[in-house]
Amino acid sequence: MRAIGLTGGMGCGKSTVARLLAERGATVLDADRITRELQRPGQPVFDAIVERFGDEVVAPDGSLDRAALAAVVFGDRAALADLERLVHPEVAAAMGARVAAAAGTDRVLVLDVPLLVEATDYPVAGVVVVDCPVDTAVRRLVVHRGLAEADVRARIARQASREERLARADVVVDNAGPPEALAPQVDRVWAWIQTLPDA
């Protein structure tokens, strides 16, 4: 088994690179998807979030109201730190369990973790960073997702900087250009993964 980390800032195209790696045979462990699983009603993480932030973060159908929660935490650093304290260790533990379950196999695991640079508890043999200029990422998110520019820039400012991510990278995928420029780079990433030692 080989496990690598995949990260990148909002709007850089990390999910597209993850999909291309999956097409080449990787198993992608998506931290955002695992987070959503842990935040379902009845899960301990959901209960802890509601206990900390109150019923105003619960939607009428009983699920977590992500927009309401985001409105609370992205304007309050202490609240965001509380949310991260409740969620991040549980996500890392769930990811770690899935990595451990693949030990001894010939699988390639891609740990798709937006906050990989901020975290230290992911067992990876190398890190791939998907990169593009901040202005390019902002434009993509405004145009393709309909997000407000001010909101996007505020969220990006709370993540690790572009420079911090690049400093952590073993391999960089430059996604500043057109979509068709990605596939040859992902081929090179896939070839690099094959050189990593088995875990």
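Details of the structure are given in the entry above.
J.: Please give an account of the overall build of the protein chain that cites residues and values.
T.: Helix and strand counts for the protein chain stand at nine helices and five strands. Starting at the N terminus and walking to the C terminus, you meet the elements of the protein chain as β-α-β-α-α-α-α-β-β-α-α-α-β-α. What you see for the protein chain is a C-alpha radius of gyration of 17 Å, in line with the 16 Å of a compact globule of 199 residues. For the protein chain, the C-alpha atoms occupy an extent of roughly 50 × 40 × 30 Å along the three principal directions.

J.: Quick one: what's the story with the sheet that holds strand β4 (residues 127-131), residue by residue and with numbers?
T.: Within the open sheet, the five strands sit side by side as β2-β3-β1-β4-β5. Their pairing is parallel. Looking along the sheet, the strands with just one partner apiece sit at the ends: β2 (27-30) and β5 (171-174). Sheet twist, expressed as the average angle between the axes of neighbouring strands with direction ignored, equals 25 degrees. Pairing of strand β1 (residues 2-8) with strand β3 (residues 108-112), which is carried by five bridges, proceeds in the parallel orientation. Note that in β3 the partner of G5 across the bridge is L111. Against the sheet, helix α2 (residues 31-38) touches β2 and β3, its axis set at about 50 degrees to β2. Against the sheet, helix α9 (residues 182-194) engages β1, β3, β4 and β5, with an angle of about 165 degrees to β5.

J.: Tell me what's going on with the side chain of Q39, and back it up with residues and numbers.
T.: By secondary structure assignment, the location of Q39 is in the loop between α2 and α3 (44-53). Residue classification places Q39 among the buried residues on the basis of a relative accessible area of 6%. Residues in contact with Q39, not counting those within four places in the same chain, are V45, F46, I49, L64, R66 and V87.

J.: So, the environment of A157: which residues are in play, and what are the values?
T.: Mapped onto the elements of the fold, A157 is located in helix α7 (residues 149-158). For the pair A157 and A70, spaced 87 residues apart in sequence, the C-alpha separation works out to 15 Å.

J.: So, α9: which residues are in play, and what are the values?
T.: In this model α9 runs 19 Å from its N-terminal to its C-terminal C-alpha over 13 residues, within 8% of the 18 Å that 1.5 Å per residue would give. Looking at α9, one finds that the buried residues are L182, Q185, V186, V189, W190, W192 and I193. Across the axial projection of α9, the buried residues extend over an arc of 160 degrees, all falling on one side. The secondary structure elements touched by the buried residues of α9 are β1, α1 (14-23), β3, β4 and β5.

Cut-offs applied
Residues numbered from 1 in each chain as written. Predicted model: local features only at pLDDT ≥ 70, side-chain atom pairs only at ≥ 80, totals over all residues. Heavy atoms only, no water. Helix = DSSP H or I, 4+ residues; strand = E, 2+ residues; numbered from the N terminus. Rg over C-alpha atoms; globule rule 2.2 N^0.38 Å. Pairing = 2+ DSSP bridges. Axes fitted to C-alpha atoms, helices over the stretch in contact; angles between N-to-C directions. Contact = heavy atoms within 4.5 Å. Buried < 20%, exposed > 50% of the residue type's maximum accessible area, 1.4 Å probe, protein only. Expected span 1.5 Å × (residues − 1). Arc of directions from axis to C-beta.

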